[in-house]
Amino acid sequence: VSKATTTQQQLFLKKHPAPSIYAIAMHTSEYYRNHCLRHINSERMCIAELEVTACYEPFDDMVLYLIDDKALTTIHSLLPPHHNGALSYDFDHYAIALPINQLETMKDFFIEHFNFQQIYSLDIDTGQSGMRSTAIADQDIHIRMPLVAPLGEESQVQQFLEQNHGQGVQHI
């Protein structure tokens, strides 16, 4: 793993300095990190002395960092302790806002490369606004990600995409 900053990482960080809504980190096994290096646009890099695998495909303006146990431990050591003194940062879900034409691509990416499953897909229409929500999760349903896309110009998802200049984590 090169400690030199790569061109792709430089361009990404120039556009979206960390921390940002444009980066997601997932704790994965070595199998998935190697799989991504072989099959999708990704690379191994060091960020703050931690080895991570950065996946750039199919995320136009977003990056998925795959981290190992050492990185996870280091990240947890930087977080403030939970109210009972233990580190516990489990989230019910995090929603990723995408343009409508990228929703299926993102869903298929997680199903193909990370063995996720689709939990549901539905359109929500309020008459003035709307969104398509397709929820995916890992096999144990520990990681839940609704992928949301706008159904019209007045959609809050469309407003998010415009205000943030592209896709990203809409809410946790």
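Reading the values: rules and limits
Residues numbered from 1 in each chain as written. Predicted model: local features only at pLDDT ≥ 70, side-chain atom pairs only at ≥ 80, totals over all residues. Heavy atoms only, no water. Helix = DSSP H or I, 4+ residues; strand = E, 2+ residues; numbered from the N terminus. Buried < 20%, exposed > 50% of the residue type's maximum accessible area, 1.4 Å probe, protein only. Arc of directions from axis to C-beta. Core = buried A, V, L, I, M, F, W, Y, C linked by side-chain atoms within 4.5 Å. Contact = heavy atoms within 4.5 Å. Pairing = 2+ DSSP bridges. pLDDT = per-residue confidence, 0-100. 1 Å grid on protein atoms, 1.4 Å probe; cavity = no way out; pocket = protein on both sides within 12 Å on 5 of 7 lines; lining within 4 Å. Points joined across faces, edges and corners; volume = space filled by probe spheres on them. Nonpolar A, V, L, I, M, F, W, Y, C, P; charged D, E, K, R; others polar.

1. Focus: unusual backbone geometry
Not every positive phi belongs to a glycine, and Asn115 is a case in point at roughly 60°. For Asn115, the position within the fold is in the loop between helix H4 (103-114) and strand E6 (117-125).

2. Side note on helix H2 (residues 30-39)
Among the residues making up H2, those that are buried are Arg33, His35 and Cys36. The buried residues of H2 occupy an angular sector of 160° when the element is viewed end-on, so they sit on one face. Projecting away from the buried face of H2 at angles above 90 degrees are the exposed residues Tyr31 and Arg38.

3. Points about the nonpolar core
It is characteristic of soluble globular proteins that their nonpolar side chains tend to be buried jointly. Membership of the largest hydrophobic core comes to 22 residues, with the highest contact counts inside it found for Ile24, Met26, Leu64, Ile96, Phe110 and Phe114. The set of elements that each furnish at least two residues to this core consists of strand E1 (23-27), strand E4 (63-67), H4 and strand E8 (144-150). Ranked by residue count, the leading element in this core is H4, at five residues. With residues near it in sequence (within four places) discarded, Ile96 still touches Ile24, Met62, Met145, Pro146, Leu147, Val148, Gly168, Val169 and Gln170. Residues Met45, Ala54, Val63 and Ile67 belong to the second largest nonpolar core, which totals seven residues.

4. What about the environment of Ile136?
Within the fold, Ile136 resides in strand E7 (residues 130-137). Taking the C-alpha atoms as reference points, Ile136 and Asp108, separated by 28 residues in sequence, lie 9.7 Å from one another. With sequence-adjacent residues up to four places away left out, Ile136 is seen in contact with Lys107, Phe110, Phe116, Gln117, Gln118, Ile119, Ile143, Arg144, Met145 and Leu147.

5. Considerations on the pairing of E4
Within E4, five of the five residues are buried, leaving the element largely enclosed by the surrounding structure. The two faces of E4 match: Val63, Tyr65 and Ile67 on one face and Leu64 and Leu66 on the other face are all buried. Pairing of strand E3 (residues 50-55) with E4 involves four bridges; the strand directions are antiparallel. Pairing of Thr53 across the sheet is with Leu66, part of E4.

6. Things to note about the environment of Ile100
Of note, Ile100 is situated in the loop between strand E5 (95-97) and H4. Residues Ile100 and Arg132 lie 32 residues apart in sequence; the distance between their C-alpha atoms is 7.9 Å. Contact partners of Ile100, with chain neighbours within four places excluded, come to Arg132, Ala149, Pro150 and Leu151.

7. Some points on the confidence of the model for the protein
Overall, the prediction assigns the protein a mean pLDDT of 76, with 71% of residues at 70 or greater. For the protein, helix H1 (residues 7-15) is the element with the lowest average pLDDT, namely 58, and E6 is the one with the highest, namely 94. Scored below 50 in pLDDT, residues 83-89 makes 11 contacts in the model with residues more than four places away or belonging to other chains.

8. Thoughts on the layout of surface pockets
There is about 170 Å³ of room inside the second largest pocket. Lining the second largest pocket, in full, are Met26, His27, Thr28, Ser29, Tyr32, Phe114, Asn115, Phe116, Asp138, Gln139, Asp140 and Ile143. In terms of residue class, the lining of the second largest pocket is made up of five nonpolar, five polar and two charged.

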